[in-house]
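Now for the letters of each chain:
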Amino acid sequence: MKKPVYYVILALLIGVFLFAAYKVGSYYLEKYRSDKVISDATRFVTLPGEDNSTDNPDSDPGGDPECPTVQFDELKQQNEDVIAWIYGANTHINYPVVQGSDNDYYLRRDEKGTEDYHGCIYADYTCRMNSGEKVSRNLIFYGHTFTDEDYEGGFEDLHKYRVFEFGQENPYIYVSLADEKLTYQIFSVWVCDVSTDTDCIQANPDDAAFQQILGKAVAGCAFDYGVDVTTDDHI
């Protein structure tokens, strides 16, 4: 009478093991695929200090020396939705930025549009970032962090800016567009509340709303970076 029970327990243990092996294997397969997508994309990006040649037709000797040089024509052959590139020195933040017709499509997709639990970096669909348009005054990028995983992608490294000294030593984040290079200086590090700070997710607010966003950002930050920001600025 005990053998059937034994076999049932053994079958359950085997089932649990196989399921766990499947989940672990799926995770690493997806991570490998995601890393490869990023690796393919970075072939078309020259980071600061990697190429000082004046013969490089893509070089920009008159631009910011810390801003990456990006071959957008090549990236758009992989995905037409690539709209920008974001880079933060001494972080893993070195990614293409895509933009869909809504804020859901790329939530669980990689930079090529393939389903991926870790998602990618994407711009709010209301942001103006196209060639010939004035860039939105409040540029909004979305990306995941996974504090319960050994994960270094997405916006995980934004947590480094919770250390004041790191922000002082690395005060800029760079955004490259097809026809423009933008340098953003850090003036605040804070965590928004998804239920009470939805007013901050406005790409093109009027002056009053923008001033409210700036006020929240300054008030919510525990550090003083000594950077004055007004409604004449872009963030």
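Our subject is the structure listed above.
J.: Would you take a moment to explain the overall build of the protein chain for this structure?
T.: When its secondary structure is counted, the protein chain shows four helices and eight strands. Beginning at the N terminus, the succession of helices and strands in the protein chain can be written as α-β-β-α-β-β-β-β-α-β-β-α. Relative to its 235 residues, the protein chain shows a buried fraction of 39%. Long-range pairs, those at least 24 residues apart, make up 57% of the contacts in the protein chain with a sequence separation of at least 6. When the accessible surface of the protein chain is split by element, carbon and sulfur atoms take 53% of a total near 14100 Å².

J.: For this particular structure, what's the right way to read the environment of T91?
T.: By the element assignment, T91 lies in the loop between β3 (82–88) and β4 (94–98). Look at T91 and you get buried, because its relative accessible area is 14%. Considering only alpha carbons, one finds T91 and K160, 69 residues apart in sequence, at a separation of 8.2 Å. Excluding residues that lie within four positions of it along the chain, T91 makes contacts with D157, K160, Y161 and F166.

J.: What exactly am I supposed to notice about the nonpolar core here?
T.: Inside soluble globular proteins, nonpolar side chains tend to come together where they are buried. One finds I86, V97, M129, L139, F141 and V175 to be the most contacted residues of the largest nonpolar core, which totals 27 residues. Secondary-structure elements contributing two or more residues to this core are β3, β4, α3 (164–169), β7 (172–176) and β8 (181–185). Top contributing element to this core by residue count: β3, with three residues. Every residue in contact with L139, bar those within four places of it in the chain, is listed here: C127, M129, V175, Y184 and I235. Judged by nonpolar contacts, the second largest core, of 16 residues, contains F44, F72, Y106 and Y174.

Criteria and cut-off values
Residues numbered from 1 in each chain as written. Predicted model: local features only at pLDDT ≥ 70, side-chain atom pairs only at ≥ 80, totals over all residues. Heavy atoms only, no water. Helix = DSSP H or I, 4+ residues; strand = E, 2+ residues; numbered from the N terminus. Buried < 20%, exposed > 50% of the residue type's maximum accessible area, 1.4 Å probe, protein only. Contact = heavy atoms within 4.5 Å. Areas by Shrake-Rupley, 256 points an atom, 1.4 Å probe, with all protein chains shown as cover. Core = buried A, V, L, I, M, F, W, Y, C linked by side-chain atoms within 4.5 Å.

So far we have only geometry, and geometry alone does not tell us how the molecule works.
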